[in-house]
Structures are given as C-alpha cells and as structure tokens.
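Single-letter residue listing:
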Amino acid sequence: MRVAIALIAALAAVFVIGVANAPAQTYPSRPVTLVVGFAPGGGTDTVARVMQKRLVEYLGQSVVVENRAGAGGTIAADLVAKANPDGYTILLATIAALAVAPHLNSKLPYNPLRDFVPISMATVSGNVLVVHPSLQAKTLAEYVKEANSLPGGIAYGTSGVGSAGHLAGELFRLTAKANLVHVPYKGGGPAMSDLLGGQIPSVFASATTATPQVKSGKIRALGSTGSKRSASLPDVPTIAEQGYPGYEATNWYAYVAPAKTQKDIIARLNREIVKTLNDPEVHAAILKQGEEPTPSTPEELAQHMAREYATWGRVIKEAGIPVEQ
C-alpha cells in the first residue's frame with residue numbers, strides 16, 4: 001500500500017512538472033503582443049514594424065504591434081510590467097522608460113530593474129549637436145568658447161525634458177563646463193523647425209532628424225554623442241574625440257518582458273529577435289532609419305540597463321533637473 005501511494009505521488013509530481021513546463025515547450029502557441037510606448041510613425045514604432053514580418057516568420061506566430069502612447073513611454077511600460085509573465089506580452093522600450101523615468105518621477109508605478117526581465121537590445125543611436133549658421137562656431141571647441149563668452153550662454157533645444165537629447169546636452173554641459181541653457185520642445189520635429197528658422201541656435205537632435213538637414217547644408221553638425229561616429233554622418237567626429245574622453249550619451253531601444261517570465265521563453269524570444277536583427281534586409285532597413293541594430297544576450301542588456309540607470313540618475317541629480325513629485 002505504501003509503495004502504491006509513493007508511486008502515485010511520484011507520478012503526480014512528474015505530471016505537475018510537465019504541466020509547469022508545457023507553456024515553455026509549446027511557446028508560442030498564439031499571437032504575441034509587442035507593446036510600443038509611442039504613436040505610429042515614431043522611431044520605436046518604426047523599428048518594431050520593420051522587424052515585425054521577419055519576427056513572425058522566426059517565431060511561427062503572429063506578432064501584433066500595440067501602440068500605447070503617452071508619458072514618454074511609461075504608460076506602455078507600466079502595462080507590460082503588470083501583464084501576465086507568459087511571454088505573450090512584451091515591450092520594446094526606450095532609455096527613457098528603462099533608465100531615466102525613475103529619476104524624474106517619484107511616483108512611477110514600476111521599477112525597471114525589478115519589474116522586467118531583459119530579452120535583447122534592439123538598436124542604439126547617438127544624438128548629434130547641430131547649430132544654426134548664425135552661430136560663429138565651426139567646431140565643438142568654438143561652440144563652448146562662444147557659449148562661455150555670452151552673458152546668457154547658448155540655448156539648446158531637445159525633444160523634451162528627460163529625453164535622450166536633454167540628457168546628452170546636460171551631460172555635455174557638465175563635462176565641458178559650458179554655459180548652456182536647455183529649451184524643451186514637444187518633440188524633435190518642432191525643435192528642428194525652430195533651429196532651421198533661426199529661433200534657437202542649437203539642438204541635440206536624433207541622427208534621423210538631423211542627417212537630411214546637415215547633408216543639405218542648412219545646419220552644421222559639431223559632434224555626435226555616441227561612443228562611435230554615426231553611420232549616417234561618418235564625417236562628424238564624436239564629442240569624445242574632441243577633447244572629452246569617456247563622454248557617451250546614446251538613445252537605445254530594448255526588448256523586455258514582465259518579471260518572472262520563464263527562462264526558456266526568454267531564451268526563445270532572444271534567439272528569434274537576434275536572428276531578426278541580424279537578417280540582412282531588416283538590418284539595412286533599420287540602418288536607413290538612422291538606428292544601429294545591436295542584438296545582445298539578456299545578461300548583456302541587464303548590465304547595460306543597470307549602468308545607464310546609475311549614470312543618468314547621477315546626471316539628473318547633478319544637473320538639477322526637477323523631479324516630479
């Protein structure tokens with residue numbers, strides 16, 4: 001009798017383990033929702049949709065891109081953080097939602113380092129410091145000199161408070177000890193329009209926004225903010241090259257899932273996302289948008305998120321950027 005009971009218990013345990021592992025073994029068995037925190041047509045949405053077709057082929061299931069715009073991507077991030085951790089709801093997030101927002105909003109309803117599990121980096125891109133021809137500065141050194149010679153300094157525009165451009169500008173202001181004044185806009189488009197019109201003398205802009213205007217000769221590019229030169233503006237030196245070693249401020253998009261998502265599901269998502277990013281057609285299409293495909297392991301993304309979280313927390317504090325209470 002005891003042997004029979006022990007055998008039944010053992011079989012039950014095997015059954016429970018099998019049921020627990022079943023979702024991972026059959027994943028995905030239905031469509032996967034990819035949440036994007038911005039409206040259609042923006043950079044994050046464009047990358048998601050460029051990747052969508054190939055990702056569908058590699059996963060063997062539909063991938064539905066769902067736009068949940070608002071609050072700099074944090075509405076979408078909060079939605080995914082609270083989603084069922086079954087691999088069927090994932091997020092393509094930006095630096096703002098994963099490394100910046102916690103330092104700007106004391107009531108943020110999620111913790112990016114606790115409430116998500118990393119899948120893979122998607123893309124990385126630098127911003128570009130561009131200036132109106134009315135400025136005398138032709139180089140980054142001359143820009144700093146001119147800023148420090150003017151009583152009110154030089155204003156620089158960005159796509160908004162807490163944006164990648166804002167952080168790049170504040171990091172440069174602190175690093176170069178330059179007299180710069182931040183002017184936030186409601187998007188990169190309006191900032192570029194004012195720069196072209198001469199209403200503002202300089203902008204930390206995305207490479208995607210700046211490149212056409214630089215190539216047309218309407219504005220000048222003085223430096224890119226990444227660790228290496230922009231693929232779309234290879235003749236523009238990085239800020240680090242111009243006397244500020246170690247300076248780096250990039251915009252990046254990354255795939256994450258809700259915390260507690262099974263490791264083998266994360267491994268499957270990572271494998272197919274990396275294959276998609278390395279697909280020649282997808283790779284070329286993303287580069288054309290001014291972004292650089294940058295696949296990674298989940299561990300590499302986790303380390304990157306932690307570093308960026310610490311870096312921008314320090315910069316926001318040192319720059320005195322107000323925190324929303």
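Further up the page is the structure itself.
Let me sum up the structure you'll find in this document. What you are looking at is a predicted structure, and each value in this text was computed from that prediction instead of being measured.

Calculation notes
Residues numbered from 1 in each chain as written. Predicted model: local features only at pLDDT ≥ 70, side-chain atom pairs only at ≥ 80, totals over all residues. Heavy atoms only, no water. Helix = DSSP H or I, 4+ residues; strand = E, 2+ residues; numbered from the N terminus. Contact = heavy atoms within 4.5 Å. Areas by Shrake-Rupley, 256 points an atom, 1.4 Å probe, with all protein chains shown as cover. Salt bridge = Lys/Arg side-chain N within 4 Å of Asp/Glu carboxyl O. Buried < 20%, exposed > 50% of the residue type's maximum accessible area, 1.4 Å probe, protein only. Phe/Tyr/Trp six-rings, centres within 6.5 Å; stacked < 30°, edge-to-face > 60°. Lys NZ or Arg CZ within 6 Å of the ring centre and 35° of its normal. Polar contact = N/O pair within 3.5 Å; in protein donor to acceptor, adjacent residues only side chain to side chain. Core = buried A, V, L, I, M, F, W, Y, C linked by side-chain atoms within 4.5 Å.

With that out of the way, let us pick up the overall build of the chain. Counting secondary structure elements, the chain contains eleven helices and ten strands. Its C-alpha atoms put the chain at 95 × 40 × 30 Å along the principal axes. Contacts in the chain between residues far apart in sequence, at least 24 positions, make up 76% of those at least 6 positions apart. Carbon and sulfur atoms provide 58% of the accessible area of the chain, an area that totals close to 14900 Å².

For the structure on display, the rule yields 15 salt bridges. The residue Glu170 makes a salt bridge to Arg173 at a minimum N-O spacing of 2.9 Å. Of this pair, Glu170 and Arg173 both sit in helix 6 (residues 164–176), separated by three residues, roughly a single helical turn. A salt bridge links Glu272 to Lys275, with the nearest nitrogen and oxygen atoms 3.3 Å apart. Note that Glu272 and Lys275 are positioned in helix 9 (residues 263–278) at a spacing of three residues, about one turn of the helix.

Across the junction of Tyr27 and Pro28, the peptide omega takes the value -10°, indicating a cis bond. Note on placement: Pro28 falls in the loop between helix 1 (2–26) and strand 1 (32–36). Located in the positive-phi region is Lys177, a residue other than glycine, with phi close to 55°. Examined against the element boundaries, Lys177 turns out to sit in the loop between helix 6 and strand 6 (180–184).

Position of Pro258 relative to the elements: it lies in strand 9 (residues 250–258). Relative accessible area serves as the criterion here: at 1%, Pro258 is assigned to the buried category. Sequence separation between Pro258 and Lys82 is 176 residues, and the spatial gap between their C-alpha atoms is 7.0 Å.

As a further point, take the packing of aromatic side chains. Per the stated rule, a full pass over the model turns up six aromatic pairs. Arranged with centres 5.8 Å apart and planes meeting at 70°, the rings of Tyr110 and Phe116 form a pair that is edge-to-face. We note that Tyr110, like Phe116, is buried. Pairing Phe172 with Tyr247 gives two aromatic rings, centres 6.2 Å apart and planes at 90°, and the pair type is edge-to-face. Of the two residues, Phe172 is situated in helix 6 and Tyr247 in the loop between strand 8 (220–224) and strand 9; the sequence distance between them amounts to 75 residues. In textbook terms, an aromatic cluster arises when at least three aromatic residues are bridged by ring pairs, as seen for Tyr156, Phe172, Phe204, Tyr244 and Tyr247. Between the NZ or CZ atom of Arg30 and the centre of the ring of Tyr88, over which it lies, the distance is 3.8 Å.

In this section: the environment of Thr211. Looking at where Thr211 falls in the secondary structure, it is placed in helix 8 (residues 207–215). C-alpha separation for the pair Thr211 and Ser232, spaced 21 residues apart in sequence, amounts to 6.7 Å. Ignoring any residue separated from it by four or fewer positions in sequence, one finds Thr211 in contact with Ser232 and Leu233. Only 3.1 Å separates the side chain of Thr211 from the side chain of Ser232, close enough to count as a polar contact.

Turning next to the side chain of Arg268. Inspection of the secondary structure puts Arg268 in helix 9. At 2.8 Å, the side chain of Arg268 forms a polar contact with the side chain of Glu272. If we ignore the near neighbours within four places in the chain, the residues touching Arg268 are Tyr27, Pro28, Tyr58 and Leu59.

We now examine the nonpolar core. Soluble globular proteins tend to bury their nonpolar side chains together. By size, the foremost hydrophobic cluster in this structure holds 52 residues, and its most contacted members are Leu91, Phe116, Tyr143, Phe172 and Tyr247. The residues contacting Leu91, other than those within four sequence positions of it, are Leu34, Val35, Ala76, Ala77, Val80, Phe116, Ala254, Tyr255 and Val256. By size, the runner-up hydrophobic cluster in this structure holds 26 residues, among which are Tyr88, Leu92, Tyr253 and Leu269.

For an α-helix the count is 3.6 residues per turn, leaving residues at separations of three or four pointing the same way. The buried fraction of helix 4 (residues 95–104) amounts to ten of the ten residues, a majority that puts the element mostly inside the structure. Of the surrounding secondary structure, the elements contacted by the buried residues of helix 4 are helix 3 (74–81), strand 3 (89–94), strand 4 (116–131), helix 6, strand 9 and helix 11 (298–319).

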